[in-house]
Amino acid sequence: MKKQPLFPVLNGLLHGGDYNPDQWLDRPDILAQDIEYMKKAGINCVSLGIFSWSSYEPREGEYHFEWLKNVMDTLYANGIYTILATPSGAKPAWLDRKYPDCLRVDNMGIRYHHGDRHNYCMSSENFRGKLKNINSMLAQRFAHHPGLLMWHISNEMGGDCFCPLCQQKFVEYLRNKFDNDIEKLNKAWWTTFWSHKYSCFEEIEPPFANGSIDIMGLMLEWRRFTTWNMIDCMKSEIEVVKAANPDIPVTANLMNMYNGLDYRALAKEIDVVSWDSYPRFHNDWESFDDTMRELAYSHAVFRCLKKDKPFMLMECTPSLTNWQAYNKLKRPGVMRLQAVQAVATGSDTVQYFQIRKSRGSFEQYHGAVIDHAGIDNRVFREVSEVGDILKKIDSVAGTKVNAKAALLFDWDNRWAIQDMQAMCVADKKYEKTLVDFWREFNRCGAEVDVISSLDDFSDYKIIIAPMLYILHPGVAQRLTEFVKNGGQLLATYLTGYTDENLLCHLGGFPGDNLSDLFGIYSEEMDTLFPSDRNGIKFRGFENKIEVFDCCEILKVKDAEVIGRYTDDFYKDTPAITVKCFGDGSAYYVAARTKASDLAPIFEQMIKNAGIMPNVMPPMIDYHERVADGEVYRFYLNLSDKENCVADVKGYDLISEKEICGTLTLSGYGTAVVKNIK
Amino acid sequence: MKKQPLFPVLNGLLHGGDYNPDQWLDRPDILAQDIEYMKKAGINCVSLGIFSWSSYEPREGEYHFEWLKNVMDTLYANGIYTILATPSGAKPAWLDRKYPDCLRVDNMGIRYHHGDRHNYCMSSENFRGKLKNINSMLAQRFAHHPGLLMWHISNEMGGDCFCPLCQQKFVEYLRNKFDNDIEKLNKAWWTTFWSHKYSCFEEIEPPFANGSIDIMGLMLEWRRFTTWNMIDCMKSEIEVVKAANPDIPVTANLMNMYNGLDYRALAKEIDVVSWDSYPRFHNDWESFDDTMRELAYSHAVFRCLKKDKPFMLMECTPSLTNWQAYNKLKRPGVMRLQAVQAVATGSDTVQYFQIRKSRGSFEQYHGAVIDHAGIDNRVFREVSEVGDILKKIDSVAGTKVNAKAALLFDWDNRWAIQDMQAMCVADKKYEKTLVDFWREFNRCGAEVDVISSLDDFSDYKIIIAPMLYILHPGVAQRLTEFVKNGGQLLATYLTGYTDENLLCHLGGFPGDNLSDLFGIYSEEMDTLFPSDRNGIKFRGFENKIEVFDCCEILKVKDAEVIGRYTDDFYKDTPAITVKCFGDGSAYYVAARTKASDLAPIFEQMIKNAGIMPNVMPPMIDYHERVADGEVYRFYLNLSDKENCVADVKGYDLISEKEICGTLTLSGYGTAVVKNIK
Amino acid sequence: MKKQPLFPVLNGLLHGGDYNPDQWLDRPDILAQDIEYMKKAGINCVSLGIFSWSSYEPREGEYHFEWLKNVMDTLYANGIYTILATPSGAKPAWLDRKYPDCLRVDNMGIRYHHGDRHNYCMSSENFRGKLKNINSMLAQRFAHHPGLLMWHISNEMGGDCFCPLCQQKFVEYLRNKFDNDIEKLNKAWWTTFWSHKYSCFEEIEPPFANGSIDIMGLMLEWRRFTTWNMIDCMKSEIEVVKAANPDIPVTANLMNMYNGLDYRALAKEIDVVSWDSYPRFHNDWESFDDTMRELAYSHAVFRCLKKDKPFMLMECTPSLTNWQAYNKLKRPGVMRLQAVQAVATGSDTVQYFQIRKSRGSFEQYHGAVIDHAGIDNRVFREVSEVGDILKKIDSVAGTKVNAKAALLFDWDNRWAIQDMQAMCVADKKYEKTLVDFWREFNRCGAEVDVISSLDDFSDYKIIIAPMLYILHPGVAQRLTEFVKNGGQLLATYLTGYTDENLLCHLGGFPGDNLSDLFGIYSEEMDTLFPSDRNGIKFRGFENKIEVFDCCEILKVKDAEVIGRYTDDFYKDTPAITVKCFGDGSAYYVAARTKASDLAPIFEQMIKNAGIMPNVMPPMIDYHERVADGEVYRFYLNLSDKENCVADVKGYDLISEKEICGTLTLSGYGTAVVKNIK
């Protein structure tokens, strides 16, 4: 593996954040002061222009870019680079007023009024035309600016639109997908059910809330179409900026576990993946340790959208948010911990929303590097400390995370499970189950990637596939090959129920011959009421583990039973099985338990896979980045108390000390240990 | 009483379910297989075509009935009859697209989009015309098919429509009802309140959510109108099929305690009552015993919609539903228990939704006789067992349930109580109170019918009238006659507050002279906050029972006080009274308690009425069907453990054994005991 | 201070209520009977015509006032005065049908249907024209009727409208406010944020729910505009009636803590303040004592809207409401207690909704003086007792409450805090905090007014300013003057964050130099999750008090620290401070605690202020009214048990006994003690 830094010109890691100088053009004193503050905090890059359309073009055809030029020039002169956004994140009022088709229509058919953000109609030619115009002007003027590091396409894209233009585009999309053959669509969507057969494509409407929300295939295809349409619009933005200078990379800032877009499809069209991270730290429903490891999971999701290079932590708050239900302060040291964890899991940047608090409007109380009252405060001091640390560990830039285990997660699987009418309809906990499995494997000492069932499995020795409801064509066969070749595979209840159009596999679940791989089939799915409990007793153990939410009732063909239900009419029937197949093993967990109760199985899989686990003391999060034969070992103390790790050897870039034996970390402390050559 | 079998041609009970062969027309292998499976399960009838409009008429004017003919022919050739539906349960897409007035308008004035089901505008002439056309073609072709057993009109009719056509029809309905005299309506609805007087009928709008939802009379009349309009549309369907062959009976499948239609009015227009039953078995908020007895209550409701003949259990799931909040499996034996209970309480059929699982769309995970994976499973085995049992007890067909007690339940009373602005506004628990009273009387050993306050009381010795808020003209007088002639009457708080237009009775509650019958009047109604409690101490007993929700404060005229409040400022005032009047007794319960705490009163009433109670051990549900001098005694074990009933004598049709002494039932077991001649 | 009776002609206090004879015009027997009943209950005034538009003008241009003349004449002949309403509380159906622009449009842009009440579009010229017409006819006929005491303008005005007319008026309002300078508005609303800059006033829309709800300044200004527009419409009503007879005073009945209108602005335009009071007595979430003291707080709010004269308790229920979630009966004696408390806190009236129950429609079960069944009941007897007491204490009429402490409460501060995106976004508990502080000061023995931060402070020695988020121009300076001159000031977290347009004060909070007054600044605001707790330890005390919801982290400049946090990373930092400045003291409480835990500070402030506290035993509410050198001391027993107050001296007008020493009050009993001359 070779180092592949995102921004060679930076010669290290990027430290930055969103900055809105257009709010302060009448205060040159503040703008000048800000630059001094940024330098003090070790900031080497800012993101500009994210919501500047109305500053660039306050009236249709009247343009103002001079302020941006001044700001970029001055920043560059002070060693600060710019990530420049295309301004589609929010439309100016004149645009919506003159071209109302730029406004979306909601799922009741009601057109939105002007306001808010992230809400243009992706199909409106008026919108696309005006956007292309402003983007072109921006690109012409700034694509070759020496301070320009990257384009930031739009902002946190999302949502869908039910306007007539989108409906028409949806129809064309379907016509194309189904070879202009309405009977093909009728069959794929099983429309004979409830007399939903279409006689022509023109009859198809989006899933209006007061229309067709009961055709599973339509629901799923609408989400795929929305992804497609959003990407199509994003690509039209990228084209313009690339045309001006193909060397400037583009990114789009994604949102943690956002449901509305298939990010894996989107990621293909951008150069670098970046995301905005706002965990609920110090909440009252889970441990801080759980929160931090879920955050590591999220990093893994985004890292694996483009496995060949580092990702960017585009936004996080230096202190608190203002828009969550409860906006609690990050405790001292947590910003540092979060920054180092981001790098540990594959990010080459630590960026904030925001550099300076806005004086008014919606986010005037959102945390920022520079407060209304200036910088004489804890938050600025902690940001500056992050700046120092990033400089100390700058050699990490361009290295990679190398995982031998992978968790399967597909957006369309997620959507299908959400819409599925069965089990506890309101919440099947797919996302939570993914996090729980990932977190527990991680605690067992394995670094885990998060990939698609359509991705190549050859880099991995372990595949974890919770609730793999949809089996895309070829997946079952590839999983079988994987196990045959020595892979360790874990699947659960709800595996292989449907094909990619959500038609059930006939012949039993898991379908598409997966039943043979696991050596079982699932005869029935029992759903438990919230206070219902069952249990599983492992073979040879006295203790039982607790079961809740759902239980598949299995028939075993040729698997080995390693756990059995303890209660109810399916007491003593198989709940956990394994089948050795070829050189590998295929595990099946038929019921929902706490992931931590499955640790013995996870440990066995890691052992079977020949992976040397990095088992840490409690409350230590561990990750590695590697390249050019160098290994950077990241130790993160998730406790606010001092914590130790035994048998560490190397040079800690942060404390700048040699470690030989016990590594002692202060509360929320971190170490980045390199081998001593 | 004489036997009156619904379907003499069947020579016994009907065992069947909904079947959708149009989903599998490209799979003749599956269709052929299905028939073999059905025969194996003892199925003698299926319901076809419930959602087949788009299969019959995929494009306007293009018709396809050949598949249906093939299916019906083959079924008939295999001894399986058909119940054929009119296809108005769901509209084809082309219909809504071409004639948008077929789409309903919601209570915010927003027209629905095409999709879902059960949502045609009942007033649309376009809809009615197209429906008449397709129904005529269906009737012409199949009304004389030898396999045709019955017409199934539409499906689970419900909902209302606020479109201009419906509004206009509502106005005409009101004009007719109020003799074209707007002042008569103004007076009946007390519109002087809040300046709501109308100057002409045209001013009246339906109760839009953002319009007039505060005129009690309007709210009530809108529901009566919706019932009337739905029946009017249903009758137009019936006319067509009866015209083709008047000998084929019609039914409409009703929904348990559905709120939107007065089923008693609807039942008058069909030949046989049928309903769809989906209890939440094994839930975590009530005992299984309570669930089963509530189910018996529901059967009583539907049985009494047409007291002169058996009803049909048109739908139930063989295993689980897919659309409830939590879709739990029925435990082994429960399908059998449910089937026998249905027959015990007056059904001559046991029918399932559905024969075969659909491969896709909304109900692809709903329980079915035939699974995606075939029939080698518990569910199919249990359905087959039901088939066997139904054959064993086929002589029950056509017998009747003979109850001497009746509970009063009127839909308009229900609606009025829901809308009533008083007490705990959000939930006055009328429906729950009905069930609780019915269940407790049943546990005390009395079979109880559920009838209207407008029905004839002469068959009964006990009338239970909880929360009889509306007094229709003549009801007070008829109740008085009933008691005078020896009847036992029980009423509660909230009795006799209004007339049929929801105008309060002046002169005190209970109004219309019922105050004289009970010998009390209610001076005030106290509503308790959720955690508030009061109590009642019965005369001569130490124990007190708990009171919650509401307490009327009574003044006694000439009743006997049998219980007094234990707390608060009305401590020691009367809470339960009885007045002996003529040869009967009139009980008044002024506060809400658990129904089981009133058992001593219920037992006294049963005793007074001279009814011999069938008192069973705990967890035994007991019912009788009778005809031609024969009595079928049904014993249902509501426990999953073995359970016994002492002193049983006769021949058990299910075990095919003679019982003399103790009847032993296995978990969820059932027996149908006939006298030995 | 001089007595200033509201209605000299009454020669004492007013006892009355809403009366709707137009509902009973066909029952002259009932109307005649009602007058006898009223006289029996000591009622000397009724409110008429509140919802009579459709009785006056059942069809456009057809008028009927003869019935009103008859009723007013008869009442007057029987010694009963009339408060006459303008009928805009509800529109007749013909009006909305013919002029649909009289109907409001909701915040999704959907126009309401006819119905309900309090929902005219304030901008509709059609509405205003028709209203002016009916008001003129009413005024011409009745403005000089000898029985007319007062005009009651409309009823419980509220709500807002998003129709095009209102939008246009909003634009004009803004144009006027911002000097027709769009850049001035852009700056005030900080619209550069999220690209929300407007290029002209015409682009501005109201805050549609699916539009601009994220511009804080727009949200706030919309509420100010709605107040302005509602007052403008109200003034057009007042003009008409004043033109007919300028001597008849006008009022508008306000609603307790209603959020939608700035009552302080509205109160300026009416002669007398009146309000409708419906506390949740005897609920299950707080003590009765708390409920009653919150009610006293509400009286203080309304009293201080016009400090120079008594206010009116325009509506309360004699027994129960019908529209609350749980409609519980007032316990015996509570109506009397509530009546005397109203007078104690500054009301010269006790008025009911309603004199007689309506037979039908929405409020047919609302408590009334006269029941459906007549007057032989507890409620009527209690109302009659109130009538007797009001006669005994009639010399109180025209006296005033004289408070030396004031709590600051501004409607725009309330709106700004609600909309603020920070802390626990859903509920910052401003209103609850106001009540808690007021109640606790009251328990500590101080009578407290409730005033605006823009009001004159010179009458007061104590200013309590919880969560004074907005600092209007000059307020900070006036507070500083207040303290300098010896005032005791208390502020809390969230003080002085923004200016009147919701732009943050730069330079630290509390802004506008308040930081100097308190000697502290607030570096960060921590928000606690619901189950999080911190504590405060007072200097020199062992005990700590509990902290929840929010904690500001302070930096002390030159204040004295009197309490420190006990936990978390800001343990031992200052939580409560005081700074002596000039002759006064400025207290700052940085975290939320129970108000009762702050009692030592409140007591110190009262002592510092030289106010002699009226400290009462538990469950005794105490108030004074004074004038012409006379003091009326009101003792209210909030317990349902007997309760005593020591050292009372004087003549009790209610028991008509001389008290010298211990005053004994029965459960819910009251005494009004005058000095013996």
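The preceding data block contains the structure.
Here goes a summary of the coordinates provided. (Residues numbered from 1 in each chain as written. Chains lettered and ligands numbered in written order. Predicted model: local features only at pLDDT ≥ 70, side-chain atom pairs only at ≥ 80, totals over all residues. Heavy atoms only, no water.)

### Points about the sheet that holds strand E4 (residues 148-152) of chain C
Within a beta sheet, neighbouring strands are joined by backbone hydrogen bonds and run either parallel or antiparallel to one another. Residue and element names in this part refer to chain C. Taken together, the eight strands give a closed barrel; going around it, the order is E1-E2-E3-E4-E5-E6-E7-E8, and neighbouring strands pair in parallel fashion. Across this sheet, the average inter-strand angle for adjacent strands is 30°, counted without regard to direction. Pairing geometry for E4 and strand E5 (residues 250-255), over two bridges, is parallel. Bridge pairing in E5 places tryptophan 151 opposite valine 250. (Pairing = 2+ DSSP bridges. Helix = DSSP H or I, 4+ residues; strand = E, 2+ residues; numbered from the N terminus. Axes fitted to C-alpha atoms, helices over the stretch in contact; angles between N-to-C directions.)

### Considerations on the interface of chain C and chain A
Interfaces are frequently sized by the accessible area removed from exposure as the parts join. The interface of chain C with chain A comprises 58 residues on the first partner and 59 residues on the second. Buried area between chain C and chain A, summed over both chains or domains, comes out near 5,000 Å², and the portion from carbon and sulfur atoms is 56%. Interface area lost by chain C to chain A is led by Trp190, Trp194 and Phe529 of chain C, which between them contribute 17%. On inspection of chain C and its partner chain A, the count reaches five salt bridges. One salt bridge connects aspartate 532 of chain C with lysine 328 of chain A, and the closest N-O pair in it is separated by 2.6 Å. Along the contact surface separating chain C from chain A lie 27 residue pairs in polar contact (both at pLDDT 80 or more). Looking at the side of chain C that touches chain A, the elements that each hand over two or more residues are helix H7 (182-188) and strand E13 (520-527) of chain C. With six residues, E13 of chain C is the largest single contributor of residues to the side of chain C that touches chain A. Here the residues of the side of chain C that touches chain A sort into 31 nonpolar, 14 polar and 13 charged. (Contact = heavy atoms within 4.5 Å. Buried area = accessible area lost by both parts, 1.4 Å probe. Salt bridge = Lys/Arg side-chain N within 4 Å of Asp/Glu carboxyl O. Polar contact = N/O pair within 3.5 Å; in protein donor to acceptor, adjacent residues only side chain to side chain. Nonpolar A, V, L, I, M, F, W, Y, C, P; charged D, E, K, R; others polar.)

### A look at the packing of aromatic side chains
Both the distance between ring centres and the angle between the ring planes are used here to describe each pair of aromatic rings. What the rule picks out here adds up to 138 aromatic pairs over all chains. A centroid spacing of 5.9 Å and a plane angle of 45° characterise the contact between tyrosine 469 of chain A and tyrosine 497 of chain A, whose relative ring orientation is tilted. Of the two residues, tyrosine 469 of chain A sits in the loop between strand E11 (462-465) and helix H15 (475-484) while tyrosine 497 of chain A sits in the loop between strand E12 (488-492) and helix H16 (514-518), which places them 28 residues apart along the sequence. For tyrosine 469 of chain A, a relative accessible area of 1% corresponds to the buried category. Tyrosine 497 of chain A sits in the buried class, given a relative accessible area of 5%. Between tyrosine 56 of chain C and tryptophan 67 of chain C, the ring centres sit 5.6 Å apart and the planes meet at 15°, which makes this aromatic pair stacked. With tyrosine 56 of chain C in helix H2 (residues 53-56) and tryptophan 67 of chain C in helix H3 (residues 66-77), this residue pair connects regions lying 11 residues apart in the sequence. (Phe/Tyr/Trp six-rings, centres within 6.5 Å; stacked < 30°, edge-to-face > 60°. Buried < 20%, exposed > 50% of the residue type's maximum accessible area, 1.4 Å probe, protein only.)

### Here we look at the interface of chain B and chain A
Across the contact, 59 residues belong to chain B and 58 residues belong to chain A. Taken over both partners, the interface formed by chain B and chain A buries close to 5,000 Å², and the fraction arising from carbon and sulfur atoms is 56%. Where chain B meets chain A, there are five salt bridges. Among the ionic pairs, arginine 331 of chain B bridges to aspartate 526 of chain A, the shortest N-O distance being 2.7 Å. Summed over the shared surface of chain B and chain A, the number is 27 residue pairs in polar contact (both at pLDDT 80 or more). Breaking the side of chain B that touches chain A down by element, the ones donating at least two residues are helix H2 (53-56), helix H4 (93-98) and helix H12 (378-392) of chain B. Class assignment of the residues belonging to the side of chain B that touches chain A gives a composition of 23 nonpolar, 18 polar and 18 charged.

### Some points on the side chain of histidine 505 of chain C
Structurally, histidine 505 of chain C is set in the loop between strand E12 (488-492) and helix H16 (514-518). Discounting residues that sit within four places of it in the chain, histidine 505 of chain C has contacts with His372 of chain A together with Leu471, Gly496, Tyr497, Thr498, Asp499, Gly511 and Asp512 of chain C.

### Some words on the pairing of E5 of chain C
Residue and element names in this part refer to chain C. Across the six residues that make up E5, a large majority, six, are buried. Residues of E5 alternate between two faces, with Val250, Ala252 and Leu254 on one and Thr251, Asn253 and Met255 on the opposite face, all of them buried. Sheet analysis places E5 next to strand E6 (residues 272-276), joined by five bridges and oriented parallel. Within the sheet, the bridge partner assigned to leucine 254 lies in E6 and is tryptophan 275.

### Focus on the pattern of salt bridges
Taken as a whole, this structure holds 152 salt bridges over all chains when the rule is applied. Residue glutamate 221 of chain A is joined to arginine 224 of chain A by a salt bridge in which the shortest nitrogen-to-oxygen separation is 3.1 Å. Of the two residues, glutamate 221 of chain A and arginine 224 of chain A are both situated in helix H8 (residues 216-244); the distance of three residues between them amounts to about one turn of the helix. Taking relative accessible area as the criterion, arginine 224 of chain A reaches 13% and is therefore assigned buried. Aspartate 289 of chain B is the salt-bridge partner of arginine 443 of chain B, the closest N and O atoms lying 2.6 Å from each other. Of the two residues, arginine 443 of chain B sits in helix H14 (residues 430-443) while aspartate 289 of chain B sits in helix H10 (residues 288-303), which places them 154 residues apart along the sequence. Residue aspartate 289 of chain B is classed as buried on the basis of its relative accessible area, which comes to 6%. If you follow the salt bridges from partner to partner, you end up with Asp289, Asp290, Arg293, Glu294, Lys432, Asp436, Arg439, Glu440, Arg443 and Asp621 of chain A in one network.

### Digging into the relation of the copies chain C and chain A
Overlaying chain C with chain A gives an RMSD of 0.0 Å, the required rotation being 120° about an axis along which the chain moves by 0.0 Å. Here the copies are linked by what is in effect a three-fold axis. Minimal C-alpha separation from the rotation axis in chain C is found for isoleucine 110 of chain C, amounting to 5.6 Å. (Least-squares fit on C-alpha atoms with pLDDT ≥ 70 in both.)

### Notes on the side chain of threonine 226 of chain C
By the secondary structure assignment, threonine 226 of chain C is in helix H8 (residues 216-244). Not counting residues up to four positions away in its chain, the partners in contact with threonine 226 of chain C are Met122, Gly159, Asp160, Gly260 and Leu261 of chain C.

So yeah, pure geometry; function would need other evidence.
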